[in-house]
Amino acid sequence: MNVLVTGAAGYIGSVIVADLISNGHVAIALDNLSLGHRNAIHPNAIFVPCDLSNFDQVSSVFSTQEIDAVIHMAGQSLVGESMQDPGKFFRANILNGLNVLEAMRHHNVRKFVFSSTAAVYGEPTEIPLSETSECAPINPYGASKLQFEKILPWYLTTYGIDYMILRYFNAAGATDTLGEAHTTESHLIPILLETALGLRSKFEIFGSDYNTRDGSCIRDYIHVSDLASAHIKALEVISQPTSRIYNLGIGHGYSNLEVLEAARAITGLPIEATIGARRSGDPPVLIARADKARKDLGWSPRFVEIEHIVNSAWLWKKKYPNGYVD
Ligand code: UDP
């Protein structure tokens, strides 16, 4: 299959591109390189620089490339930033995605896999969260992703664009060559590892007064290569789906303090930590009910222990302490 991946130079997109290629697909890798890294894109991918906010640019990619399916990864994803600048998130995560859908319908491309998020659920009313749990986002990031999810059934009804929505829990870990290197890092595991390496002077736990087993937030960490493999499975069944929305998580949560302990154990370094205020927009607990993707997609995650996930990130971080040098 010829698969167009938007956001292909990003953390998860780059791993999906590599996975597509190793599974014999052609990967057309789109990115504007505003957040992603050119060096993260597999050398055998067809790299096309593209600004998704420009419909003519998006459409011209579909005119010049043979495309069978789209995996739409591009977007803004930092919860904290979304609380400061919601408009940026609604533009990037809704309007830019609409440009992709419009280009698809004009060029008769009818398979669309959408990168969504556990942030659509907001503050959970039940744990674990199943795909039918109530969606009530508590930050603009989750709200923008949920709005875009709601657009997709109309493109199916009107234009026959088959879609699959994959709601990621917390992507983490690294492959041998690809890892997490955001220009402004805000994620727990890379920050812990940068602190371990002495690249940061301090690490702060955001909040210790949540109603959880140790007072810190709990998240369901899923390895980036397991996320990638779920996309390949989704593409295989997208024309005859059992369902169109899947949680991608392990089904087990680790608290921020437990992740800190795992990072100390894996690195063998003390990693000094202080307790700080809550970060606005953070739900206390996010854990997936994760059996539906296993059953319907025939997918099973290879990494289920936080130590293995942190270890993979640590091996990568030691090899590439400064991330990608573009
Ligand atoms: N977190 C933290 N200190 C940091 C970065 C993150 O305590 O320096 C916490 C954050 O408040 C959340 C958890 O780690 O409870 C996971 O945050 P991350 O940004 O990695 O992912 P998110 O859940 O926001 O997608």
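Scope of this entry: the structure provided in the associated data block. Keep in mind that what you see is a predicted model, and the values were worked out from it rather than measured.

A closer look at the packing of helix α6 (residues 188–196) against helix α10 (residues 306–319)
Here comes step 1: Packing of α6 against α10 leaves a shortest axis separation of 10 Å and a crossing angle of 55°. As the angle between them shows, α6 and α10 are arranged oblique. Considering only the axes of α6 and α10, their crossing is right-handed. Counting all contacts with α6, which are made through Ile189, Pro190, Leu193, Glu194 and Ala196, the residues of α10 involved are Ile306, Val310, Ala313, Trp314 and Lys317.
Here comes step 2: A class-by-class count of the residues in the contact of α6 with α10 yields eight nonpolar, no polar and two charged.

What about the sheet that holds strand β9 (residues 218–219)?
Here comes step 1: Strand order in the open sheet made by the three strands is β12-β9-β14, with mixed pairing throughout. In the strand order of this sheet, the two ends are held by β12 (254–255) and β14 (285–286), each with one partner.
Here comes step 2: For β9 and β14, the ladder comprises two bridges, and the chain directions are parallel. Bridge pairing in β14 links Arg219 to Leu286.

Quick notes on helix α7 (residues 224–237)
Here comes step 1: Over its 14 residues, α7 extends 21 Å from the first C-alpha to the last, a length consistent with the 20 Å expected when each residue adds 1.5 Å.
Here comes step 2: Taken across its 14 residues, α7 has 10 buried, putting it largely inside the fold.

Quick notes on the site of the ligand
Here comes step 1: Taken together, the neighbourhood of the ligand is formed by 16 residues, with Glu204, Phe206, Arg219, Arg279 and Asp282 sitting nearest.
Here comes step 2: Arg219 has a polar side-chain atom sitting 2.8 Å from an oxygen atom of the ligand.
Here comes step 3: The fraction of the free accessible surface of the ligand (520 Å²) that becomes covered by protein chains is 91%.
Here comes step 4: Elements represented by at least two residues in the shell around the ligand include exactly α6 and β8 (203–206).
Here comes step 5: Sorting elements by how many residues they give to the shell around the ligand places β8 first, with four residues.
Here comes step 6: Its residues assigned to classes, the shell around the ligand shows eight nonpolar, four polar and four charged.

Cut-offs used in this document
Residues numbered from 1 in each chain as written. Predicted model: local features only at pLDDT ≥ 70, side-chain atom pairs only at ≥ 80, totals over all residues. Heavy atoms only, no water. Axes fitted to C-alpha atoms, helices over the stretch in contact; angles between N-to-C directions. Helix = DSSP H or I, 4+ residues; strand = E, 2+ residues; numbered from the N terminus. Parallel < 35°, antiparallel > 145°, perpendicular 65-115°, else oblique. Left-handed = near helix turned anticlockwise from the far one by under 90°. Contact = heavy atoms within 4.5 Å. Nonpolar A, V, L, I, M, F, W, Y, C, P; charged D, E, K, R; others polar. Pairing = 2+ DSSP bridges. Expected span 1.5 Å × (residues − 1). Buried < 20%, exposed > 50% of the residue type's maximum accessible area, 1.4 Å probe, protein only. Near = heavy atom within 4 Å. Polar contact = N/O pair within 3.5 Å; in protein donor to acceptor, adjacent residues only side chain to side chain. Areas by Shrake-Rupley, 256 points an atom, 1.4 Å probe, with all protein chains shown as cover.

Keep in mind these values describe shape, not function.
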